[in-house]
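Each chain, letter by letter, is given below.
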Amino acid sequence: MAKKKINIGLIGTGFMGRAHSLAWLNVSRVFDTDFDPVLKVCFSRNPDLTREFTEKWGWETVTDDWRTIIERDDIDVIDISAPTFMHSEIAVAAAEAGKHIFCEKPAAVTYAQAKAMAEAAEKAGVVHYLNHNYRRVPAVTYAKHLIDDGRIGDIFHWRGTYLQDWVVDPNFPLTWHFKKELAGGGPLYDLNSHSVDLARYLVGEIDAVTAVQKTFVTERPLPGKRAATFTSGDEVSEEKGPVDIDDASFIIAEFERGTLGSFNSTRFATGRKNCNELEIYGNKGSLRWNFERMNELEFFDATRPAAEQGFKTISVTTGNHPYAGNWWGPGHIIGYENTFFHAAVDFLNAISDGGVLTPNLNDGVACIRVLEAAIKSSEEKRRVAVAEIK
Ligand code: SOE
């Protein structure tokens, strides 16, 4: 039976715009879905670059005003891949127009903005999804199955580490990533939001945090037109401006279920390009996963006879692992881009089934609440209960 068309409007054509376009273009070929996405219209803040992007990725048209995408009756899904400060206004407008929302993380730059987005989406009854894509790495989804099956038991410790190094050079320009008003925070928002999302998914809610934040480079040259995530671009100005976000954030976390955990996020881990790592220690077993070897899950089963115990590495690539059966054969590993396909298929299926998909904007609210508690803790040099953030 022919699949139904579903029309996508993309807002933001940078790194995430590319990753999403790849998934929308191909998801219905790899996975069973009722829908076949149509790449209808896209927008970015830089019209010259958008035209290049539109042609390359086969979007039907381009616009220089994102509001016109939301006004169009034929658009079903608003894909928010723009910088974080734009998310809230777009998501609220999209919800009010009855569009389904596929939004990049973190949800917004403040807790208040995230709440407004989630409330608007719930009120409109649309499907809303927040793309913390690492939940849909097969090894991570499988870790969740092991935890839910009781194979790890009571969880004593969580350790979430997210390390990058693309801004160590003090001449890396002052892109939107370094401004609180535009990004919400530094690695705390960009990277640690992923770790907090994974911790909430795998372990549970966080009650209180004690955090220290540090900014190593307090001013940077103003950016040229092509400066973007990971790239300094072709022109950097002589003039400098202030950085008002963290370059590193370290957090001790107390979880509702009694787990004691920690989070380390930094953009100053020289040599670490995208090291997103988690460790979970329980009374029946332990788990370790690192995105740099994303197809492998390390599992220690403490219920095995003592002489046979040790960490084993599971290659999460066989047909009985989450999502893996739709890709290649056992041992044929997948990559970063595949996680966007997994998000896209689950999103399309949620629209078909009328179901609730997670993580969604409500999870975004819960995540940002933890991040804001961490900022408060670092500023006030004290332990902060997450419930203090109103
Ligand atoms: C940049 O730090 C970034 O693209 C993040 O924004 C993403 O969420 C992460 O997956 C990779 O790094």
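Below is a summary of the structure that appears in this document. What you are looking at is a predicted structure, and each value in this text was computed from that prediction instead of being measured. (Residues numbered from 1 in each chain as written. Predicted model: local features only at pLDDT ≥ 70, side-chain atom pairs only at ≥ 80, totals over all residues. Heavy atoms only, no water.)

Some remarks on the overall build of the protein
Across its full length, the protein holds 11 helices and 17 strands. Relative to its length of 390 residues, the protein is compact, with a C-alpha radius of gyration of 21 Å against a globular reference of 21 Å. Projected onto the principal axes, the alpha-carbon positions of the protein cover approximately 65 × 60 × 40 Å. The buried share of the protein, reckoned over its 390 residues, is 56%. Of all intrachain contacts in the protein linking residues separated by at least 6 positions in sequence, the fraction that spans at least 24 positions is 71%. When the accessible surface of the protein is summed, it comes to about 16,700 Å², and 49% of that surface belongs to carbon and sulfur atoms. Taken together, the 43 basic and 54 acidic charged side chains of the protein have centroids lying 2 Å from each other. (Helix = DSSP H or I, 4+ residues; strand = E, 2+ residues; numbered from the N terminus. Rg over C-alpha atoms; globule rule 2.2 N^0.38 Å. Buried < 20%, exposed > 50% of the residue type's maximum accessible area, 1.4 Å probe, protein only. Contact = heavy atoms within 4.5 Å. Areas by Shrake-Rupley, 256 points an atom, 1.4 Å probe, with all protein chains shown as cover. Lys, Arg positive; Asp, Glu negative; His and termini not counted. Charge placed at Lys NZ, Arg CZ, Asp CG, Glu CD.)

Topic: the packing of helix α6 (residues 138-148) against helix α9 (residues 192-202)
Two elements in contact, α6 and α9, have axes separated by 10 Å at closest approach and are oriented at 30°. Relative to α9, the element α6 is oriented roughly parallel. On α9, the residues touching V140, T141, A143, K144 and I147 of α6 are L198, Y201 and L202. Residue composition of the contact of α6 with α9, grouped by class: 6 nonpolar, 1 polar and 1 charged. (Axes fitted to C-alpha atoms, helices over the stretch in contact; angles between N-to-C directions. Parallel < 35°, antiparallel > 145°, perpendicular 65-115°, else oblique. Nonpolar A, V, L, I, M, F, W, Y, C, P; charged D, E, K, R; others polar.)

Describing the sheet that holds strand β5 (residues 100-104)
Pairing is parallel in the open sheet, where 6 strands are placed in the order β3-β2-β1-β4-β5-β6. Each edge of the open sheet carries a strand with a single partner, namely β3 (61-63) and β6 (128-131). Geometrically, the sheet is characterised by an average inter-axis angle of 25° between neighbouring strands, direction not taken into account. (Pairing = 2+ DSSP bridges.)

Some thoughts on the pairing of β5
Judged by how many residues are buried, β5 sits mostly within the fold: 5 of 5 residues are covered. Taking every second residue as pointing to the same face, both faces of β5 are buried, with H100, F102 and E104 on one and I101 and C103 on the other. One ladder, built from 4 bridges, connects strand β4 (residues 77-80) with β5; its direction is parallel. Its bridge partner being in β5, D79 is matched across the sheet by F102. One crossover worth recording links β4 to the parallel β5 by way of helix α4 (residues 84-96), and it is right-handed. At this point the chain moves from β5, through helix α5 (residues 111-124), to the parallel β6, and the crossover so formed is right-handed. (Right-handed = clockwise from strand over helix to strand, strands pointing away.)

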